[in-house]
Amino acid sequence: MGEQAPSKAPPKAVTAPQGKVSAKKPKPAKPESRLAMVRRARRINRELAETYPYAHPELDFRNPFELLVATVLSAQTTDLRVNQTTPALFAAYPTPEDMAAAVPEDLEELIRPTGFFRMKARSLMGLSQALRDDHGGEVPGRLEDLVKLPGVGRKTANVVLGNAFGVPGITVDTHFGRLVRRWKWTEQEDPEKVEAEICAIFPKSEWTMLSHRVVFHGRRICHARKPACGACPIAPLCPAYGEGETDPEKAKKLLKYEKGGQPGQRLSPPPDYPGLPAPPLGAGLAQESQESAES
């Protein structure tokens with residue numbers, strides 16, 4: 001027999017230097033599955049429904065034409081400023097036929113407070129003429145017809161369809177897009193892509209009211225620059241919790257509209273609205289300026 005091979009010494013244990021602890025790299029958080037995200041999104045919607053049972057479109061209107069005009073005017077301004085402007089506008093031009101025949105300078109002067117008044121006046125006269133000439137003076141109840149009207153895009157069409165005709169739709173405005181990305185429901189920036197992805201998460205019957213609830217939450221609690229996280233009813237479900245003020249007492253001071261004891265945006269709110277009506281034109285501008293800055 002040959003010589004026995006010498007046995008190998010066991011390797012020395014490697015220890016951290018005295019007084020130091022070797023840090024382990026933390027495991028990355030497990031990505032949320034599609035199913036988990038959908039369940040969380042639907043829970044958020046249920047919580048918002050309890051928080052805002054009175055959610056509604058925040059533009060004053062009495063018929064589809066008034067809602068269409070008010071929505072066109074709401075671009076690049078607040079609903080409050082539109083609501084303060086439209087009483088005189090609709091007194092002067094109550095029908096599409098009246099507005100189609102308006103003197104442009106007179107119409108511009110009436111809508112001047114909403115900004116971009118020359119461009120908006122052209123849109124209003126153009127859509128009014130189209131309603132008069134192509135639709136018998138009536139606002140059509142189909143998306144494909146509405147988006148052909150001057151100044152009317154998909155967002156405006158969905159507002160009108162959902163609130164004047166009861167046709168479900170998602171309205172992707174500034175607040176809606178900001179919140180659904182903050183909640184990780186979508187990463188899309190393009191409004192039509194956002195709309196498509198959110199529609200896939202919720203039943204069609206929820207689309208219109210979901211839009212109102214999300215916008216209400218964005219205007220009252222989940223602000224763009226400083227969310228009131230400490231006063232938020234969906235904080236446990238929010239992946240962005242902590243981006244804003246988490247102290248409950250400090251967060252309460254950030255609440256707006258009826259949540260903060262302030263007037264709402266409508267001069268004629270629905271009967272179940274728990275807050276105060278908005279003031280007429282020339283009053284309450286500090287609140288409007290604050291809301292505009294948040295947008």
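Since this is a predicted model, take the numbers as computed values, not measurements.

**Student:** Before we go on, may I ask you to explain the overall build of the protein chain in this structure?
**Tutor:** Each helix and strand in the protein chain was counted, giving 13 helices and zero strands. Going from the N terminus to the C terminus, the protein chain shows its helices and strands as α-α-α-α-α-α-α-α-α-α-α-α-α. By residue count, 45% of the 295 residues in the protein chain fall in the buried class. If you take every contact in the protein chain between residues at least 6 apart in sequence, the share linking residues at least 24 apart comes to 61%.

**Student:** Can you help me understand the confidence of the model for the protein chain in this one?
**Tutor:** As a note on interpretation, predicted positions should not be read in detail where pLDDT is low. The pLDDT averaged across the protein chain works out to 90; a share of 86% of its residues lies at or above 70. Ignoring residues within four places in sequence, the model shows residues 1–23, a span with pLDDT below 50, making one contact including any to other chains. Confidence drops under a pLDDT of 50 for residues 285–290, and excluding neighbours within four residues, the segment shows 11 contacts in the predicted structure.

**Student:** Which parts of the structure should I look at to understand the packing of aromatic side chains?
**Tutor:** What characterises a pair of aromatic rings is the spacing of the ring centres plus the angle enclosed by the ring planes. For the structure shown, the criterion picks out six aromatic pairs. Plain terms: the ring middles of Trp185 and Phe202 are 5.3 Å apart, the flat faces sit at 55° to each other, and that makes the pair tilted. Separated by 17 residues along the polypeptide, Trp185 in the loop between helix H9 (174–182) and helix H10 (191–199) and Phe202 in the loop between H10 and helix H11 (207–220) bring together distant segments of the chain. Here Trp185 and Phe202 have matching classes, each one buried.

**Student:** How should I be thinking about the pattern of salt bridges in this particular structure?
**Tutor:** When charged atoms on two side chains of opposite charge get close, those side chains can pair. As enumerated under the stated definition, the model contains 16 salt bridges in all. Glu58 serves as the salt-bridge partner of Arg220, at 2.8 Å between the closest nitrogen and oxygen. Of this pair, Arg220 sits in helix H11 while Glu58 is found in the loop between helix H1 (34–51) and helix H2 (64–73), placing the two residues 162 residues apart along the sequence. Judged by relative accessible area, Arg220 falls into the buried class, the value being 0%. A salt bridge links Glu144 to Arg142; its shortest N-O distance comes to 3.2 Å. Given the relative accessible area of 41%, Glu144 is considered partly exposed.

**Student:** I'm lost on the nonpolar core in this one. Help?
**Tutor:** One broad rule of soluble globular proteins: the nonpolar side chains tend to lie buried together. Core analysis: the largest hydrophobic core is formed by 38 residues, its most contacted members being Phe176, Trp183, Trp185 and Ile198. Those elements giving two or more residues to this core turn out to be H1, H9, H10 and H11. Not counting the four nearest positions on each side in its chain, Phe176 is found in contact with Ile170, Thr171, Val194, Ile198, Leu210, Ser211, Val214 and Val215. Among the nonpolar cores identified, the runner-up in size contains 31 residues, and Phe117, Ala121, Met125 and Leu146 belong to it.

**Student:** Explain the packing of helix H3 (residues 79–92) against helix H5 (residues 104–111) to me, please; I cannot follow it from the model alone.
**Tutor:** Each pair of packed helices can be summarised by the angle the axes make with each other and by the distance between the axes. It is at 9 Å that the axes of H3 and H5 come closest, and there the two elements cross at 155°. Looking at the two axes, H3 sits roughly antiparallel to H5. Here Thr85, Ala88, Leu89 and Ala92 of H3 lie close against H5, whose contacting residues are Leu107, Leu110 and Ile111. By residue class, the composition of the contact of H3 with H5 is six nonpolar, one polar and no charged.

**Student:** Is there a simple way to explain the state of the cysteines in this structure?
**Tutor:** Chemically, a disulfide is nothing more than a covalent bond linking the sulfur atoms of two cysteines. Tallied over the full model, the rule gives zero disulfides. There is no disulfide at Cys229, and the cysteine sulfur nearest it, in Cys238, is 6.5 Å away.

**Student:** Looking at this structure, I do not really get the environment of Leu146. What am I missing?
**Tutor:** Looking at the secondary structure, you find Leu146 in helix H7 (residues 143–146). Leu146 has contacts with Val139, Pro140, Val152, Ala157, Val160 and Leu161, leaving out every residue within four places of it along the chain.

**Student:** Help me understand the side chain of Glu258 in this model?
**Tutor:** Of note, Glu258 is situated in the loop between helix H12 (248–252) and helix H13 (285–294). For Glu258, a relative accessible area of 13% translates into the label buried. In terms of polar contacts, Glu258 uses its side chain to reach the side chain of Tyr54, at 2.6 Å.

**Student:** How do you make sense of the packing of H2 against H3 when you look at a structure like this?
**Tutor:** Close contact between H2 and H3 brings their axes to 10 Å; oriented N to C, the two are set at 135°. In terms of their interaxial angle, H2 and H3 are classed as oblique. Considering how the two elements wind past one another, H2 and H3 form a crossing that is right-handed. Residue-level inspection shows Glu66, Val69, Ala70 and Leu73 of H2 in contact with H3, the latter providing Val82, Thr86, Leu89 and Phe90.

Parameters and conventions
Residues numbered from 1 in each chain as written. Predicted model: local features only at pLDDT ≥ 70, side-chain atom pairs only at ≥ 80, totals over all residues. Heavy atoms only, no water. Helix = DSSP H or I, 4+ residues; strand = E, 2+ residues; numbered from the N terminus. Buried < 20%, exposed > 50% of the residue type's maximum accessible area, 1.4 Å probe, protein only. Contact = heavy atoms within 4.5 Å. pLDDT = per-residue confidence, 0-100. Phe/Tyr/Trp six-rings, centres within 6.5 Å; stacked < 30°, edge-to-face > 60°. Salt bridge = Lys/Arg side-chain N within 4 Å of Asp/Glu carboxyl O. Core = buried A, V, L, I, M, F, W, Y, C linked by side-chain atoms within 4.5 Å. Axes fitted to C-alpha atoms, helices over the stretch in contact; angles between N-to-C directions. Parallel < 35°, antiparallel > 145°, perpendicular 65-115°, else oblique. Nonpolar A, V, L, I, M, F, W, Y, C, P; charged D, E, K, R; others polar. Disulfide = S-S within 2.5 Å. Polar contact = N/O pair within 3.5 Å; in protein donor to acceptor, adjacent residues only side chain to side chain. Left-handed = near helix turned anticlockwise from the far one by under 90°.

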